[in-house]
Amino acid sequence: MTTMLPTVDPESRSLAGVLPDCLASLTVGGGSLPRADHAVVVLVDGLGAANLRGAAAHARFLAPRLGPRSTTTSAFPSTTAAGIATLTTGALPGRHGLVSYRARDVAGDRVVNQLSGWDAGMVPETWQRLPTVFERARAEGVTTTVIGQERYRNSGFTRAVLRGADYRAGRSMADRLDAAREIVSTTAGPTLSYVYVPELDQAAHEYGWESGRWTALLEELDGDLKRWSSRLPASTGALITADHGVIDVAPHQHVLFDQVPELVAGVRHIGGEPRCLHLYLDADAGPADRERLAEAWRAEEGGRAWIATREQAVDHGWYGEVDPEVLPRIGDVIVAARKRIAYYDSRPADQSARGMIGQHGSLTDDERRIPLLGLGRYEP
C-alpha cells in the first residue's frame, strides 16, 4: 500500500511571513498587521496547535485565543533548525539551506547536525545563505534583539540564523519576557525583539507532551504571558508562535528499519530525524537509483509513511523553491512518518536517541500546524 504525496503550496501562509510582517508594521504600515512602534515575537519551541488545544485546561490565557484564523504552518521538515531559520530569514528551507536536523555536507562526505554540529567545514555565515530579517531591520533603523538562554549566545546556530540582532540572556521564561518588556519600554524608535522559549520542547522530548512535567511548564508560561502582556506599552504588538508541534511515540512504536536489508541497500548516509529520514546514496546517484530505493521503502512502509524521491519532494513543494546549492543537502529519498511511529537505525552503538518520547519532523497537521496568537497592538 502506498499513499499519495501531499503538496505544499509555497505561497500559503506560513512561519516565513511572521517576522517580515512585523517589520512591515514597524516601518511601512499596512499589510497583515496593524501599525506598531515595537514588535515582539515569542517562539515557544514545540507548542503545536494540537498540543495547545489538547492541554487547554493548563493554558487558560492562551488556549481561548486559538482559532482557525490564529494558526499558521511551520516549515517542512517540522524541526527546530528548519523552523527557526524559516522564521528569521523569511524564506523556506529550499532557499536558506537548513533542510533537516541532520543534513548531508557533500564537500565533507558526511552528515552534519544543523543545531550543534557547526565547525570549520560548515561555516554558519555561509552555510545559512540568506540575510536575516534582523539584518534587514537594522538597515531600516530598527533596533533588533534576540533574547534566549545564555548557552545559545555564541553557538553556530545563533550565528547562522540570528545574526543582525543583539543577544540578551535570561535564565527563566519570565526573565526573558521581562527583558523584552524592558526593551520596548525604554528604547527610543522602533524595535523588533525575538524571545526563544525552549523549555517545553525539552520536556516533551524527555517526558512526552502529555506528561505532568510538560503541562506544568505550559501553566507557568501561560501565567507569565498573561502578566507580561498586561504590562506592555500600548504601542507594542506581540505574536506568540512555535516552530513545530510534538507527537508522543512509545518505544513499542519504534521501527528498526535497518533490519530490512532492502531499506538500507546502497545507502551511504542517514540524516534527518526519526520522523523524517533523509537517505543519502553516493553523491553521483541519479534519478533511477533514487527511485529504486524509494520503491523498496514503499513496498515495506508505504502504508504508514510518505516516501518521496528528492525530485518528487521538490515537485510537491515540500521545501519551497530550492536553490541549486541546497539541492544536494536534501535526501535522495525522504521518509516522512504518517502514523504514530519513529524510524531508528539499530546498528550504531549509541542508541540513546531511542529514549526520546516527544517527536516531530514530518508533514502531519499535529507537527506542522502551529499557533499564531496576537497580543497588544496585534490582538485581533
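As a convention, each chain's residues are numbered from 1 in the sequence order in which they are written. In view of the model being predicted, local features appear only for residues whose pLDDT reaches at least 70, and side-chain atom pairs are presented and counted only at 80 or more, with totals across whole chains, interfaces and linings using the full set of residues. As a convention, hydrogens and water are excluded, and side-chain values are obtained from all of the structure's heavy atoms.

1. A word on the overall build of the protein
In plain terms, the rule: For helices the rule is a DSSP run of H or I covering at least 4 residues; for strands it is a run of E covering at least 2, with both sets numbered from the N terminus onward. What the globule rule says is 2.2 Å times the number of residues to the power 0.38, and the radius of gyration is computed from C-alpha atoms. A simple rule labels every residue: compare its accessible area, found with a 1.4 Å probe on the protein chains alone, to the largest value its type can have, and call it buried under 20%, exposed over 50%, or partly exposed in between. Here, Shrake-Rupley sampling with a 1.4 Å probe gives the accessible areas, and only protein chains in the shown set may cover a residue.
What the protein contains, in helices and strands, is 13 helices and 18 strands. Here the C-alpha atoms of the protein give a radius of gyration of 20 Å, agreeing with the 21 Å that 2.2 N^0.38 yields for 380 residues. On the principal axes, the C-alpha backbone points of the protein span a range of 60 × 45 × 35 Å. A total of 380 residues make up the protein; the buried ones form 58% of that total. Of the accessible surface of the protein, which amounts to about 15000 Å², a share of 50% is contributed by carbon and sulfur atoms.

2. Quick notes on the pattern of salt bridges
Pairing between side chains of opposite charge can happen when their charged atoms approach one another. Quick note on the threshold: Take a side-chain nitrogen of Lys or Arg and a carboxyl oxygen of Asp or Glu: if they are within 4 Å of each other, that pair is a salt bridge.
Under the defined criterion, the tally for this structure stands at 26 salt bridges. A salt bridge links R159 to E125, with the shortest nitrogen-to-oxygen separation between them at 2.8 Å. Here R159 is found in helix α7 (residues 156–161), whereas its partner E125 is found in helix α5 (residues 124–127), with 34 residues between them in sequence. In this structure, R129 and D323 form a salt bridge, with 2.8 Å as the shortest nitrogen-oxygen distance. Of this pair, R129 sits in the loop between α5 and α6 (133–139) while D323 sits in the loop between α12 (310–315) and β14 (333–337), and the two are 194 residues apart along the sequence. Overall, the relative accessible area of 26% leaves R129 in the partly exposed class. Residue classification places D323 among the buried positions, given a relative accessible area of 11%.

3. Quick notes on the sheet that holds strand β18 (residues 373–376)
What counts here: By this definition, two strands are paired if DSSP reports at least two bridges between them. Axis definition: a line fitted to C-alpha atoms, over the contacting stretch in the case of helices. Angles run 0 to 180 degrees between N-to-C directions.
A sheet is described by the order of its strands in space; here six strands give the open sequence β6-β5-β7-β1-β8-β18, paired in mixed fashion. The open sheet terminates on both sides in strands that have one partner only, identified here as β6 (166–169) and β18. Across the sheet, the mean angle separating the axes of adjacent strands is 20° when strand polarity is ignored. Here strand β5 (residues 143–148) runs beside strand β7 (residues 191–197); their pairing, made up of five bridges, is parallel.

4. Examining the sheet that holds strand β11 (residues 269–273)
If you walk across this open sheet you meet the four strands as β11-β12-β14-β13, and the pairing is antiparallel. Every other strand in the sheet has two partners, leaving β11 and β13 (305–309) as the edge strands with one partner each. This sheet shows a mean twist of 15° between the axes of neighbouring strands, independent of strand direction. Taken together, the five bridges between β11 and strand β12 (residues 276–280) define a ladder with antiparallel strand orientation.

5. A look at helix α3 (residues 80–89)
Spelled out, the test is: Note on contacts: a residue pair qualifies if any of its non-hydrogen atoms lie within 4.5 Å across the two residues.
Counting buried positions over the 10 residues of α3 gives 10, a clear majority of the element. Looking only at α3, the buried set comprises T80, A81, A82, G83, I84, A85, T86, L87, T88 and T89. For α3, the secondary structure elements touched by its buried residues are α1 (18–27), β1 (38–44), α4 (93–96), α6, α7 and β7. Phi turns positive one or two residues past the end of α3, at G90, with a value near 70°.

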